[in-house]
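# Commentary on secondary and tertiary structure
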Amino acid sequence: MASFESAKRRPSVKILDLQEDQIKFEMKNTDVSVANALRRVMIAEVSTLAIERVEIYSNTSVLLDEFISHRLGMIPIRYTYNES
C-alpha cells in the first residue's frame, strides 16, 4: 500500500524569492531523500576557492601553525569568473 501512496504524489516546487546569488523555494509532496539529493547537487555546482598551501616562517603566537593554516582554509573567498 505504501508504494501506491508514493506513486500518487505530485512533487511541487514553488519559488518564493529569486535573486542573482540566491533562491528561496518550497518543496512539497516529496521524500527527504529527494530534497537531500537536490541539496547535494546545488552544493556541488557552487564554484569555490580555498587556500590550499600555507607557509609560516615565524609564528610567535600561542596558536599552532596547523591550526592557523586550517583557519585560513576556512575563510570563504568570493570571486567573479571571467571567460576572457
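Notes on the structure follow. Quick caveat, the model's predicted, so the values are computed rather than measured.

### Thoughts on the pairing of strand E1 (residues 12–18)
The element E1 is largely exposed, with a buried count of zero among its seven residues. Bridge count for E1 against strand E2 (residues 23–28) is six bridges, and the pairing is antiparallel. Following the sheet pairing, Lys14 is matched in E2 by Glu26. Between E1 and E2, which pair antiparallel in sequence order, lie four residues.

### Some remarks on the pattern of salt bridges
Under the definition given, this model contains two salt bridges. Ionic pairing is found between Glu26 and Lys28, a salt bridge with its closest N-O pair at 3.7 Å. Residue classification places Lys28 among the partly exposed positions, given a relative accessible area of 45%. Residue Arg53 is joined to Glu55 by a salt bridge in which the shortest nitrogen-to-oxygen separation is 2.7 Å. By relative accessible area, Arg53 is classed as exposed at 68%.

### As for the environment of Arg78
Topologically, Arg78 is positioned in the segment after helix H3 (65–73). The spacing of Arg78 and Ser47 is 31 residues in sequence and 9.4 Å in space, taken between C-alpha atoms.

### Description of a nonpolar patch on the surface
A surface patch of nonpolar side chains, about 570 Å² in accessible area, is lined by Leu49, Ile51, Ile75, Ile77, Tyr79 and Tyr81. Position of Ile51 among the secondary structure elements: in the loop between helix H2 (32–45) and H3.

### Topic: the environment of Leu49
Secondary-structure assignment places Leu49 in the loop between H2 and H3. The sequence separation of Leu49 and Gly73 amounts to 24 residues, and the corresponding C-alpha distance is 9.3 Å. Leave out the neighbours within four places in its chain, and Leu49 touches Ile77 and Tyr79.

### Some words on unusual backbone geometry
Positive phi is not limited to glycine here, since Asn29 has a value of about 55°. Examined against the element boundaries, Asn29 turns out to sit in the loop between E2 and H2.

### Some thoughts on the environment of Thr48
Along the polypeptide, Thr48 turns up in the loop between H2 and H3. Thr48 gets classed as exposed once you look at its relative accessible area, which sits at 63%. Distance from Thr48 to Ile77, taken between C-alpha atoms, is 7.4 Å for residues 29 residues apart in sequence.

Scoring rules and cut-offs
Residues numbered from 1 in each chain as written. Predicted model: local features only at pLDDT ≥ 70, side-chain atom pairs only at ≥ 80, totals over all residues. Heavy atoms only, no water. Buried < 20%, exposed > 50% of the residue type's maximum accessible area, 1.4 Å probe, protein only. Helix = DSSP H or I, 4+ residues; strand = E, 2+ residues; numbered from the N terminus. Pairing = 2+ DSSP bridges. Salt bridge = Lys/Arg side-chain N within 4 Å of Asp/Glu carboxyl O. Patch = residues over 30% accessible without salt bridge, like charges linked within 9 Å, V, L, I, M, F, W, Y side chains within 5 Å. Areas by Shrake-Rupley, 256 points an atom, 1.4 Å probe, with all protein chains shown as cover. Contact = heavy atoms within 4.5 Å.

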